[in-house]
Structure formats: C-alpha cells, structure tokens
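In case you want the letters, here they are:
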Amino acid sequence: MSADHVLIAHLSDLHFGGYADLAQIEALEEFLPSLGAGAAVVSGDLSQRARHGEFQAAHAFLHRLRSHTPVLLVPGNHDIEWWRSPLGLLGNERKYRKYIGYFGDLTPVLEVPGAIIAGALSSYGVALGSLTWNIRDVAVKGHLPASETERVTAIFAQASPLAARVLVFHHNVLPGAMSRRMGLARWRSAHRRLLATGADVILCGHDHQEGAGQIEGALAVSTSGTHSSRVRGGRPSVFNLVKIDARAVHIQHFRWQPESRQFQRSDTYSFARAGPPRVAVSVAGGDQGL
Ligand SMILES: [Fe+2]
Ligand SMILES: [Fe+2]
C-alpha cells in the first residue's frame, strides 16, 4: 500500500469442512503477506455447514492472516444455522449465534489508510425476502434489504471524502459467467439502491467463479472464487486483488496452478470510479469478461 492507492486482498468461499483445498489454504497463508495489501476481505462461506470444527479451522486461518493485515469478513449462506429459525419465526438471534460467537459482528466496519470497508448482511437462510419461485434457491439465495443499503449509505456519507468506499456482502450481485445466476433475490431493486450508497466497489462471492464487472457502468464489482473443490466447470480457483487509486478500481485475478501449487498473477480489469466520466477506462484480459 502507498499514499496514492489502497490494496485489498479479496477472498471468498473457503468452505472449511469437506471441501476446502488445503494446498490452496497453505499457499494463501504464505503468499498473501507478500502482496502488501492494506486489508484482506473474506466475503462469506467460511464453512460448509456452520459446524464448530469448520468455524475453528476458519478462525485459525483468519488469526494467522491478521498477523499480517487487518481482516474483515461477513457470513455466507453456509455460515448461518437457518434451520434453527426457519422464516425467522423464532427470531434472528438463533440463526447467527454460532457465527457471532466465533467472529463477532455480522456487519463489521473496518477503516484502514485510504479506505473505509463496510460489511452488509445478505445471508438470511430461508427467509421471506430471499424466497423465489425456484425451489433450488431455498436457503441459497440472499437478499439485501433496504435497511442494509440505508445503513451503509449513512456510514459512507460520514467517511472522509478521500477514503475509498468498499462494500462487502456474500451473494454475487452480477450474474456468474457460467452459472448465469444472480446470488441476490430482487436484484434490480438491489442494484438501484447499491448505486446510491456511494460505494466505489462491491466485493462479493457465492458463485464459486471469479468475475470483474460493473453495475450499470458505474459501480465496480469484484467477485472472488472459491478455495474449495466446488469450482465451476473444473476451472482453477481464483482470488482477487483490488487496487483503488484516485481515478479507478483495478481488479486483478490470481489463478491457482495445482501443478506448481502457486497462485499466478492473471487478468486485470480497470473501471473508472463513480462520478463523471462514468465509463470504463480499460478492459483487458482473457476469458473472464462479463
Ligand atoms: Fe460458497
Ligand atoms: Fe454461498
């Protein structure tokens, strides 16, 4: 990190439990400190079934990461015990009790030099706001209530005008390149409200495939992949390094190479920050365009 930009390592969907790829986890622990990021973000799905052992493995990983850089995380749909309060009928506290016990705040805010990073909650399990007509979506889809976008808007409004505004939640806000699916229910409304938050970039995951794009050509979105065996189409896992400077948001993919057991620097996408002119300054790279 330097005075004219901020660097954020963006990971997602570690899925400790049956599916985490330990070779990747160990490589991340060694490699991430070398990137010099001012913060690291994990955008949910730390676990597979919100089990104690899974959360404990995630906690140990995050503890080691925190010895190098501040870390912010939010829960994914796999990290909440939604069955303890289906449709929220028994209150929300039951769903999140175990996650909060290990990781604290559901909607943390982290200030680092050059940026304010705010977490928002999109994981509610089987909840009215997340229901769609697709039975496959039960307990998988997320939603972003107006109360969440309003809360984040107020946080960003009070931040230093010089700080980059980074918004983190779990569910993908752009369609996956292969899945073609949205992580959020009622995404059109979410897009409108997200554009009004004042965010410079959204960091999300859930789709298990990396992406870099924009909402309506105005708000950059970094979607990080998974470090589990549950990748889409057998493609290599990817995490993102997000660089925000005065003019643009740059999203760099780092692609896992199983043969060498290393992450390789890969495609980069650059998007102008919000405010005129609202156009992408460049789009470069191989096969990841959305
Ligand atoms: Fe996931
Ligand atoms: Fe997920």
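Scope of this entry: the structure provided in the associated data block. Predicted model, so just to flag it, every value in this text is computed and none were measured.

A closer look at the overall build of the protein chain
Thinking step 1. Along the backbone of the protein chain there are five helices and 13 strands.
Thinking step 2. When contacts within the protein chain are restricted to residue pairs at least 6 apart in sequence, those whose partners lie at least 24 apart make up 67%.
Thinking step 3. When the accessible surface of the protein chain is split by element, carbon and sulfur atoms take 54% of a total near 12,300 Å².

Regarding the coordination of the iron ion (ligand 1)
Thinking step 1. Looking at the iron ion (ligand 1), the protein donor atoms are Asp13 (OD), His15 (NE2), Asp45 (OD) and His208 (NE2), and they sit 2.0 to 2.2 Å from it.
Thinking step 2. The coordination sphere of the iron ion (ligand 1) comprises four donor atoms, whose angles at the metal cover 88 to 175 degrees; the geometry is irregular.
Thinking step 3. Positions of the donor residues of the iron ion (ligand 1) along the chain correspond to the pattern D-x1-H-x29-D-x162-H.
Thinking step 4. Separation of the iron ion (ligand 1) from the iron ion (ligand 2) amounts to 3.4 Å, with Asp45 serving as a shared donor to the pair. Taken together, the positions of Asp13 in the loop between β1 (5-11) and α1 (22-31) and His208 in the loop between β7 (201-204) and β8 (211-215) put the pair 195 residues apart, joining distant regions of the chain. The pair formed by Asp13 and His208 is uniform in burial state, with each residue classed as buried.

Focus on the coordination of the iron ion (ligand 2)
Four donors placed tetrahedrally about a metal ideally form angles of 109.5 degrees, and six donors placed octahedrally ideally form angles of 90 or 180 degrees.
Thinking step 1. Only Asp45 (OD), Asn77 (OD1), His170 (NE2) and His206 (ND1) from the protein reach the iron ion (ligand 2) as donors, at distances of 2.1 to 2.2 Å.
Thinking step 2. Coordination at the iron ion (ligand 2) is irregular: its four donor atoms span angles of 88 to 159 degrees at the metal.
Thinking step 3. Spacing between the donor residues of the iron ion (ligand 2) along their common chain follows D-x31-N-x92-H-x35-H.
Thinking step 4. Residue classification places His170 among the buried residues on the basis of a relative accessible area of 0%.
Thinking step 5. On the basis of relative accessibility, which here comes to 13%, the residue His206 falls in the buried class.

A word on the pattern of salt bridges
Thinking step 1. What the rule picks out here adds up to eleven salt bridges.
Thinking step 2. Where Arg235 meets Glu210, a salt bridge forms, and the shortest distance between an N and an O atom there is 3.3 Å. With Arg235 in the loop between β9 (219-223) and β10 (238-245) and Glu210 in the loop between β7 and β8, the pair connects residues that are 25 residues apart, well separated along the chain.
Thinking step 3. Residue classification places Glu210 among the buried residues on the basis of a relative accessible area of 4%.
Thinking step 4. Taken together, the shared-partner salt bridges connect Glu210, Arg235, Arg255 and Asp267 into one network.

Digging into the nonpolar core
Thinking step 1. With 36 residues, the main nonpolar core has Leu46 and Phe61 as its most contacted residues.
Thinking step 2. Within the residue set of this core, elements represented by two or more residues are β1, α1, β2 (39-42), α2 (52-66), β3 (71-73), α3 (93-103), β10 and β11 (248-257).
Thinking step 3. Here this core gets five residues from one element, more than from any other, and that element is α2.
Thinking step 4. Leaving out residues up to four positions away in the same chain, Leu46 has contacts with Leu14, His15, Phe16, Ala58, Leu62, Leu73, Asp79, Tyr99 and Phe103.

Quick word on the packing of α2 against α3
When two helices pack together, their arrangement is captured by the angle between the axes and the distance separating the axes.
Thinking step 1. Remark: α2 packs on α3, axes separated minimally by 10 Å, with the N-to-C direction vectors making an angle of 30 degrees. As far as their axial angle goes, α3 and α2 are roughly parallel. When the axes of α2 and α3 are compared, the crossing they make is right-handed. On the side of α2, the interface is formed by His52, Phe55, Gln56, Ala58, His59 and Leu62, while α3 contributes Lys98, Tyr99, Tyr102 and Phe103.
Thinking step 2. In terms of residue class, the contact of α2 with α3 is made up of six nonpolar, three polar and one charged.

Quick notes on a nonpolar patch on the surface
Thinking step 1. Residues Leu87, Leu89 and Leu90 make up a contiguous nonpolar surface patch of roughly 320 Å² in combined accessible area.
Thinking step 2. Looking at the secondary structure, you find Leu90 in the loop between β3 and α3.
Thinking step 3. Looking at Leu90, the relative accessible area reads 53%, which means it is exposed.

A short note on the side chain of Thr149
Thinking step 1. Residue position: Thr149 is located in helix α4 (residues 146-158).
Thinking step 2. For Thr149, a relative accessible area of 5% corresponds to the buried category.
Thinking step 3. Each residue touching Thr149, except ones within four places of it in the same chain, is listed here: Leu144, Arg193, Leu194 and Thr197.

Cut-offs used in this document
Residue indices follow the written sequence of each chain, beginning from 1 at its first position. Naming scheme: in the order in which they are written, chains are lettered from A and ligands are numbered from 1. Whole-chain, interface and lining totals are the exception, using all residues; otherwise, since this is a predicted model, local features are given only for residues with pLDDT of at least 70 and side-chain atom pairs are given and counted only at 80 or more. With hydrogens and water stripped out, all remaining heavy atoms of the structure feed into the side-chain values. Where helices and strands are cited, they refer to DSSP runs of H or I of at least four residues and of E of at least two residues respectively, numbered from the N terminus. By the convention used here, residues are in contact when the closest approach between their heavy atoms is within 4.5 Å. Accessibility throughout is a Shrake-Rupley quantity obtained with a 1.4 Å probe, and a residue counts as covered only by protein chains that appear here. Counted as donors are N, O and S atoms no farther than 2.8 Å from the metal, or 3.2 Å for Na, K and Ca; water is not among the atoms, and sites may therefore look incomplete. Every geometry call rests on angle ranges, with four donors termed tetrahedral when all angles are between 85 and 135 degrees, four termed square planar and six termed octahedral when opposite donors are over 155 degrees apart and all others are between 65 and 115, and everything else termed irregular. Any residue under 20% of the maximum accessible area for its type is buried, any over 50% is exposed, and the rest in between are partly exposed; the area is computed with a 1.4 Å probe on protein chains only. Throughout this description, the term salt bridge denotes a Lys or Arg side-chain nitrogen within 4 Å of a carboxyl oxygen of Asp or Glu. Grouping buried Ala, Val, Leu, Ile, Met, Phe, Trp, Tyr and Cys residues that are joined through side-chain atoms within 4.5 Å yields what is termed a nonpolar core. Only the contacting stretch of a helix is used when fitting its axis, a line to C-alpha atoms as for every element, and angles between N-to-C directions run 0 to 180 degrees. Should an angle fall under 35 degrees it is taken as roughly parallel, and over 145 as roughly antiparallel, whereas 65 to 115 is taken as roughly perpendicular and any remaining angle as oblique. Each crossing gets its handedness from the near helix: less than a right angle anticlockwise from the far helix is left-handed, clockwise is right-handed. Here the term charged refers only to Asp, Glu, Lys and Arg, the term nonpolar to Ala, Val, Leu, Ile, Met, Phe, Trp, Tyr, Cys and Pro, and the term polar to all other amino acids, Gly among them. A patch consists of residues whose relative accessible area exceeds 30% and which take part in no salt bridge; residues with like charges are grouped when within 9 Å of each other, and nonpolar side chains (Val, Leu, Ile, Met, Phe, Trp, Tyr) when within 5 Å.

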